[in-house]
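# Structural description and commentary
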Amino acid sequence: MTDITSADPMVLTAAPPRREIGIKRRYAAERRFRLYGILAISFGVIFLLLLLWSVVSKGYTAFLQTEITVPVTFTEKVIDPQNTRATNPAVLMAANYPVLARDALAKELGVDPADRAALKEVNSMISASVRVQLRDIVVNDPSVIGKTVPVKVLAEGNVDAAYKGHIDLSVPESDRKISDRQLGWIQQLAAKGELASRFNTGLFVNGASSRPEAAGVGVALIGSFFMMLIVLALALPIGVAASIYLEEFAPKNRLTDLIEVNINNLAAVPSIVYGLLGLAVFINFAGLPRSASLVGGLVLTLMTLPTIIIATRAALKAVPPSIRAAALGLGASKMQTIFHHVLPLAMPGILTGTIIGLAHALGETAPLLLIGMVAFVADFPATPLQPSTALPVQIYMWANEAERAFVERTSGAIIILLLFLLAMNIGAVILRRRFERRW
Amino acid sequence: MTLLKLSAAALVASVAFAGAAAARDQVQIAGSSTVLPYAKIVAESFGETFPNFKSPIVESGGSSAGLKEFCKGVGPETIDIANASRPIKSSEVEACKAAGVTEIQEVRIGYDGIVFATDKGIADINFVPADVYKALAAQLVIDGKLVANPNKKWSDVNPKLPNIDIAAYIPGEKHGTREVFEEKLLAHGCKDTGAADEIKKLITDEKAAAKACVAVRKDGVAVDIDGDYTETLARIAANKNGVGVFGLSFYENNADKLKVATVSGVVPTVESIAKGEYPVSRPLFFYVKKAHLGVIPGLKEYVEFFLGDAMVGPDSPLAEYGLVPAPDAEREKARTDFAAGKTL
């Protein structure tokens, strides 16, 4: 060093000449690339926020339902005019219960019982589901006949929508589903506290209904639950067994290459194709019932299998060969090596893949269309063999409804589906965090 | 090993399920999305009124898809009823026969109006079928020649119509509604303008001439909507000058957002359609597999319940929703025909 400086003192004072290596250009390129990355992410985030905002802003009101509390008098003259209920219990089933609720509300509002037009308007404020509600009260406890009991009845869908502000009230009265008189009544009842919003449990526990106020995703939730159970019970063992064999035991030859290509191919096949297959094999050939969640589960199993196989094989491949070598070296059999050492280490990856596959299956509608699960199902299924729908199907069906009150319920159902997907994906992250091993 | 046990258990379970799948205690219905809302109301009320029967399952998917399922054969794994917004075609009857469905009972439930509606904000529109034809036909006869439709604005078609760009959202070809639209508006308009005769002079083949009358322009002015009416509604919300084709019941449920156009001076209402004054309406049907009556529990009762005046009469929930009830005599005939077991 000293030699150089003494030899050339000029260099000591001036900065050493730097080789032109394009450092500025390279920094600029890096900054540009970071900017592109940030732009790409913000693009995605903006659309995600837009989606969430549109769904939540439209849908949060679906979790509230307007109810009217009326003191219903269970008049014997209406329910059982001939007093034959002791001998003929069917009388209680067929009675004209909606009249009771109508008359009770009309009395509450001070409507003249002779004014038929007004009575009709009063009647259209109460959900038609009141028939079953009052019938169940009477059938469960016939002693209620003759008494006056306060009953919380569902407000009709249009009353609900108007109370929540979903109906444009500036248009002429004839163009809306709710009249000025009814609006007055709503205000009158709301002021007395007899008309109020409460949490909409019906949205979770009711089956499909043509009346928005009584419609819920209950049947769809059970259908989706059955299907997820079937997918989990079938796709996980079959998928894991197939991948272990392919990854650890199968010889590497043209046949296994062909199988691998086919599995990757199947993972990308449009899901409607699985629906066609399900219709042909499970319904037409095997004779399983239409619209049953068993068939839906089997179809979704076929659809999820490739995803699980690909994820499992990747997870098995990621286990270092040293683990296998060590186990084999200590005298473990190949089977013991795999089940005692390789599989436990690959488990987080397998479970993550399974959960992602399940989440994918949970959101699927297209294959269900052909096997009859895109349907109106009012009764709850007790087994996977009985007809049911699925959560995304319910969203699709509600999206096509004409009534205004279904708009918010569609978004409400989307929120429920998103919450389930979120829970599943968070579960996948937790499993990965908890069980992940580092080498 | 638990995995293996689990999979074995699952396989056994699925086989056991398959064995139990023979009988069915629920009516299965599929078909038209126009009939779907009505069928849903009846199915729900049926389940509530008859606690000993389960509510029928109503699938949507379109008239053609429903009839195709219907014609797959006889047995509990096939559907019992097909809803249709158009009469069954002879080709479909033959397909049914070939699969063993020889006895089909046709039930007419009432009528449905097809209306034009626009956004609330634009001027009133009063059409005659000729206007629709001149605005939406693919080719018009001008100076004795068939040329591509040159009309861009409604006022080009008829000076009385508003001076706005033509943008029509019409049902796609898979919908039963499209056929009614072509037949009642385009074919009529073609005749009214005299274009039908001129086309016949230009095209000698009768079928091709009739087709030329109902061909819809494909230059982006008329947009086929393959989804449901909610999609048409969204299109009109996006393009305030758009004119959409809706079912009467859908329009009535959204009358606070939509303004209806008159056709030939008649405002579409349940009354004007029932009287036959409003020209664009069609009957709605469902088809019952006679072999399933008495086999599937509740099927006969469902059909009888559907046809009762409490469901399809003038003061019924279906009429409330927008179904145009058939005249008294026709409803009575539908009931007696079904009871008599009259088949196609």
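Quick caveat: nothing in here was measured; it's all calculated off a predicted structure. (Residues numbered from 1 in each chain as written. Chains lettered and ligands numbered in written order. Predicted model: local features only at pLDDT ≥ 70, side-chain atom pairs only at ≥ 80, totals over all residues.)

## Here's the deal with the overall build of chain A
Secondary structure assignment for chain A yields 20 helices and 4 strands. What you see for chain A is a C-alpha radius of gyration of 33 Å, clearly larger than the 22 Å of a compact globule of 439 residues, by over 25%. Each of the three principal axes of chain A carries a C-alpha extent, and together these read 120 × 70 × 35 Å. Considering only intrachain contacts with a sequence separation of at least 6, the fraction spanning at least 24 residues in chain A is 76%. (Helix = DSSP H or I, 4+ residues; strand = E, 2+ residues; numbered from the N terminus. Rg over C-alpha atoms; globule rule 2.2 N^0.38 Å. Contact = placed C-beta atoms within 7 Å.)

## Section: the interface of chain A and chain B
Taken together, the contact pairs 40 residues of chain A with 39 residues of chain B. Secondary-structure elements contributing two or more residues to the side of chain A that touches chain B are α8 (130-140), α12 (218-249) and β4 (375-376) of chain A. The pairing of β4 of chain A with strand β2 (residues 57-59) of chain B spans 2 bridges and is classified as antiparallel. Bridging from a neighbouring strand, A375 of chain A pairs with E59 of chain B of β2 of chain B. (Pairing = 2+ DSSP bridges.)

## A look at the pairing of strand β10 (residues 243-247) of chain B
All names here are of chain B. The buried fraction of β10 is high, at 5 of 5 residues. Side-chain alternation along β10 places V243, V245 and G247 on one buried face and G244 and F246 on a second face that is also buried. Pairing analysis gives 5 bridges linking strand β4 (residues 104-119) to β10, with the strands arranged antiparallel. Within β10, the position partnered with V115 by the bridge is F246. Summarising the sheet, strand β8 (residues 168-171) and β10 pair through 2 bridges and their orientation is parallel. Looking across to β10, one finds that A168 is bridged to V243. (Buried ≥ 20, exposed ≤ 12 C-beta atoms within 10 Å, placed from the backbone.)

## Things to note about the environment of R131 of chain A
Relative to the elements of secondary structure, R131 of chain A occurs in helix α8. Take R131 of chain A: there are 20 C-beta atoms within 10 Å of it, and that puts it in the buried class. Taking the C-alpha atoms as reference, R131 of chain A lies 28 Å from Y60 of chain A; in sequence the two are 71 residues apart. Non-local contacts of R131 of chain A, meaning those with residues more than four positions away in its chain, are made with Y97 and P98 of chain A together with E48 of chain B.

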